[in-house]
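Chain by chain, the residues run as shown.
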Amino acid sequence: MKRNIKILVILLGCTEIALANEQQSTRGPIVTPAFQNPIHPEDLSTSANPQYTVKSSGRYYFTNHISRNHNTAAGVVILINASNVTLDLNAKSLVPTVSGSLATGTGIAVARGRSNIQVMNGFIYSHDSSGTQKLNTGIDLSETSLSSGSGTSYSIKLQDLDITRCKLNGISGTAINDLTIQNCSANNGSGASTVNGITLTTVNNLIIKNCNFTKNISSGGNCSALKLTDCIDGLIENCDLGETQTTGDSIDPIGIYLEYSSLGCRNLTFKKINTSGSVASGSTGGTAKGLFVADSNGASRNLRFEDCLFNNITSTGNVRNIDLVDCAECKFYRCQANGGSSSSSGSDVHAVALGDNVANCYLEDVTANGNYNAANSGIKGFRIACTNTTLVRCIANNNYSTNTGASSSVYVYGFSVEANDNTFIECQANGNMTQAAAAVTCAGFYSSASTNNRFEKCIANRNRSTSTSSAVVAAGFILAGAETRSQIIGCEASHNLVGDATSSNGSARAYGIYFNGSSPAVNCSVKNCNLHYNTVGSSGSGKAFGFYDNSASPSTSLLIGNIAMGQGQCLGTTLGAALQWNANSEPSASQNYFFKHAGTGDDPRQMISEVPRQNFGSISTAVVNWQNISVF
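Presented here is an overview of the structure given in this document. Treat the numbers as computed from the prediction; the structure is a model and nothing was measured.

The rules behind the values
- Residues numbered from 1 in each chain as written.
- Predicted model: local features only at pLDDT ≥ 70, side-chain atom pairs only at ≥ 80, totals over all residues.
- Heavy atoms only, no water.
- Helix = DSSP H or I, 4+ residues; strand = E, 2+ residues; numbered from the N terminus.
- Buried < 20%, exposed > 50% of the residue type's maximum accessible area, 1.4 Å probe, protein only.
- Areas by Shrake-Rupley, 256 points an atom, 1.4 Å probe, with all protein chains shown as cover.
- Salt bridge = Lys/Arg side-chain N within 4 Å of Asp/Glu carboxyl O.
- Pairing = 2+ DSSP bridges.
- Axes fitted to C-alpha atoms, helices over the stretch in contact; angles between N-to-C directions.
- Polar contact = N/O pair within 3.5 Å; in protein donor to acceptor, adjacent residues only side chain to side chain.
- Contact = heavy atoms within 4.5 Å.
- Phe/Tyr/Trp six-rings, centres within 6.5 Å; stacked < 30°, edge-to-face > 60°.
- Core = buried A, V, L, I, M, F, W, Y, C linked by side-chain atoms within 4.5 Å.

1. Section: the overall build of the chain
Okay, step 1: Looking only at helices and strands, the chain features two helices and 52 strands.
Okay, step 2: Within the chain, the proportion of its 632 residues that are buried is 54%.
Okay, step 3: Carbon together with sulfur atoms contributes 47% to the accessible area of the chain, which is approximately 23,900 Å² in total.

2. A look at the pattern of salt bridges
Okay, step 1: Inspection of every chain in the model, using the stated rule, returns 14 salt bridges.
Okay, step 2: The closest approach of N and O atoms between R304 and E306, which form a salt bridge, is 2.4 Å.
Okay, step 3: Overall, the relative accessible area of 29% leaves R304 in the partly exposed class.
Okay, step 4: Here R383 and E418 are joined by a salt bridge, their closest N and O atoms 3.2 Å apart. One end of the pair, R383, is in strand β31 (residues 379-384); the other, E418, is in the loop between β34 (412-417) and β35 (423-425), with 35 residues separating them in the sequence.
Okay, step 5: For R383, a relative accessible area of 22% corresponds to the partly exposed category.
Okay, step 6: On the basis of relative accessibility, which here comes to 32%, the residue E418 falls in the partly exposed class.
Okay, step 7: Sharing partners across several salt bridges, the network here consists of R304, E306, D307 and R334.

3. Details of the sheet that holds strand β45 (residues 530-532)
Okay, step 1: In spatial order, the strands read β45-β49-β52-β51; together these four strands make up an open sheet with parallel pairing. Looking at strand neighbours, the two that pair on one side only are β45 and β51 (608-611), the edges of this open sheet. Across the sheet, the mean angle from the axis of one strand to that of its neighbour is 15°, orientation sign disregarded.
Okay, step 2: Bridge count for β45 against strand β49 (residues 563-565) is three bridges, and the pairing is parallel. In the strand pairing of β49, L531 is matched with A564.

4. What to know about the side chain of S315
Okay, step 1: Position of S315 relative to the elements: it lies in strand β24 (residues 314-315).
Okay, step 2: When its relative accessible area of 4% is taken as the criterion, S315 is described as buried.
Okay, step 3: One polar contact links the side chain of S315 to the main-chain carbonyl oxygen of G286, over a distance of 2.6 Å.
Okay, step 4: At 2.6 Å, the side chain of S315 and the backbone nitrogen of G317 are in polar contact.
Okay, step 5: In this structure S315 touches A280, G285, G286, A288, S341, S342 and S343, once residues within four positions along its chain are discounted.

5. A short note on the packing of aromatic side chains
Okay, step 1: Tallying each qualifying case throughout the model produces 26 aromatic pairs.
Okay, step 2: Here F415 and F445 contribute two aromatic rings whose centre-to-centre distance is 4.7 Å and whose plane-to-plane angle is 5°, an arrangement assigned as stacked. With F415 in strand β34 and F445 in strand β37 (residues 441-448), the pair connects residues that are 30 residues apart, well separated along the chain. With respect to class, F415 is no different from F445; both count as buried.
Okay, step 3: Plain terms: the ring middles of F445 and F477 are 4.8 Å apart, the flat faces sit at 5° to each other, and that makes the pair stacked. You can see F445 sitting in strand β37 and its partner F477 sitting in strand β40 (residues 473-480), a full 32 residues away along the chain. Like F445, the residue F477 is buried in the burial classification.
Okay, step 4: Taken together, the aromatic side chains of F382, F415, F424, F445, F455 and F477 make up a single cluster linked through ring pairs.

6. Focus: the environment of Q118
Okay, step 1: Tracing the sequence through the fold places Q118 in strand β8 (residues 115-125).
Okay, step 2: Taking the relative accessible area as the measure of exposure, Q118 reaches 22% and is therefore partly exposed.
Okay, step 3: Separated by 33 residues in the primary sequence, Q118 and V85 have C-alpha atoms spaced 6.4 Å apart.

7. Quick word on the pairing of strand β50 (residues 591-595)
Okay, step 1: Within β50, five of the five residues are buried, leaving the element largely enclosed by the surrounding structure.
Okay, step 2: Note that strand β47 (residues 543-549) and β50 share four bridges and pair parallel. Each residue of the ladder has a partner; that of F545, found in β50, is Q591.

8. A short note on the nonpolar core
It is characteristic of soluble globular proteins that their nonpolar side chains tend to be buried jointly.
Okay, step 1: One finds I181, I208, L228, F270 and F382 to be the most contacted residues of the largest nonpolar core, which totals 110 residues.
Okay, step 2: Residue contributions to this core peak at five residues, all from strand β14 (residues 195-209).
Okay, step 3: Not counting residues up to four positions away in its chain, the partners in contact with I208 are I181, I198, L200, F213, L226, L235, I236, E237 and C239.
Okay, step 4: Within the second largest apolar cluster, 13 residues are counted, among which are Y411, Y413, A475 and A480.

9. Side note on unusual backbone geometry
A negative phi angle characterises most non-glycine residues, just as the trans form characterises most peptide bonds.
Okay, step 1: Residue N49 is joined to P50 through a cis peptide bond whose omega torsion reads 5°.
Okay, step 2: Along the chain, P50 falls in the loop between β1 (37-39) and β2 (52-54).
Okay, step 3: The phi dihedral of A91 falls on the positive side, at around 65°, and the residue is not glycine.
Okay, step 4: One can find A91 in strand β6 (residues 85-96).
Okay, step 5: Positioned with a positive phi, N302 is a non-glycine residue whose angle comes to about 55°.
Okay, step 6: Relative to the assigned elements, N302 resides in strand β23 (residues 301-306).
Okay, step 7: Its relative accessible area of 33% is what places N302 among the partly exposed residues.

10. Re the environment of A353
Okay, step 1: Counting through the fold element by element, A353 comes out in strand β28 (residues 349-359).
Okay, step 2: C-alpha separation for the pair A353 and C386, spaced 33 residues apart in sequence, amounts to 9.3 Å.
Okay, step 3: Not counting residues up to four positions away in its chain, the partners in contact with A353 are R320, I322, D323, L324 and R383.

11. As for the environment of N318
Okay, step 1: Following the sequence through the fold, N318 ends up in the loop between β24 and β25 (319-328).
Okay, step 2: Taking C-alpha positions, N318 is 6.6 Å from G286, a pair spaced 32 residues apart along the chain.
Okay, step 3: Residue contacts for N318: discarding those within four places in its chain leaves G286, T287, A288, G346, S347 and D348.
Okay, step 4: Reaching out from N318, the side chain makes a polar contact with the backbone nitrogen of D348 at a distance of 2.9 Å.

Below is the structure:
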């Protein structure tokens, strides 16, 4: 019985083999895809433009290094003028010759309107062996002049390509659907006009992965590592776009430049992108930017940035690590805008700048730390001039000015809020500092002439104005310029300092929360905040306050359940018979709470309970939950 089963299995196996052989003979022999079309160096013309044209579909490859060796001024070396083409450089190079007099041209061009194109696996050198640049563009994906190409191209892929020292663009393309650029580099040398590592216009479904577009340099125009115009739907991931440089005056180096022409850039995601190290030099340097979303009347939208670095952006002019002039519904997660610096007079540093045409954005775990200015101008960790934007756990720490002159422009703000309806949750602004010997302000959070901003569970500690000779201000929170209906809830503002810890000017002021200006805050509220040990120099004559309302008329703002400790006593002998606050003048010493107005007002003891520190434990359990506590 067992022997019969074995025979049956053998017969079945033979049948399967026979069937397989029959099927194989029906299909014909198995053919491994191969390169049918070799391109030899001698196949290239020494006079025609282009030197070599791919005219039909198929798979092509370089048999050896290819030289651009003719004298057509703007010549193309390889032109792909057909669809369904694969060009494999076969680990070989396209390189100019020493004898050529060419100063412009294109390495590889794809006629516009072609589809299913792949270029891969090789090198394009713009410079000859003497170091002279010979190519304007490494790869042009939308050539029209030689091919009369038109329309939209589809399904183009560039992979494993290294392009160096082109004068204008490493890679350029227009009107493409489904473009993939993977494992490529475009590191261009100095150009006398606008230089881009890669520039793309009207591309839909764009993927760029594992690429390096660094050290692009220009001396005569703006310079970008990656410039996208009207591009929609895409992913740019794990790319290095840093060290973009400009060497002329008023020229901008930009890591990522998103520009508007008709549609703007939309639905793009950037992950693990590094644009750090952009530099603008010159006697009047341009504005150096890690990310720039240009003015587009709200057309650019739904841009997403995750784990991106926009650090160490420097200029002799202005600095914007992140600069959103105009966009909507943009999101940033775990991004950094640290270490930006300017050294030119009148030039400011805004690490994260969201302009007045920006709206409905969201930032989470974004940092703007350690940015500094050596000139007589200001610093803002976050400049929020947009509306309806939410920031969660964002941090602006240790931003500082090293200018010790008498300029009144050397303010330092961790967060500067200049528009309405923004929310800050668990954000921090600590250790920011100005050293100017002038009446300047350093604040963790500064909001002016805006409406309905909300600061919840935020921390603003150790912000400092160090001058001992001027009427400087240091504060955790400042609401100024008739700020209306804004709220500071559950926040901490402590250890903000004026002076150098041993002395301060008599007009210097330190505040936990400061309602400031000739038209101070209106209908604002401060609830459940801790305002502790804001101080002046120990031997100085400045003053410190936990909370200060500068309104000369009866305040319409509301304080609920706050605790101020260590700034000084508020109640007692300072009250007149009518229980007014200090007859519209400051006290002679620091106070935990101070309200500046001349009206009869309410009895402050109805809203503030005051106790020495040694008795705080007993009173803190007895006050009603809306009452504020002053501990001296």
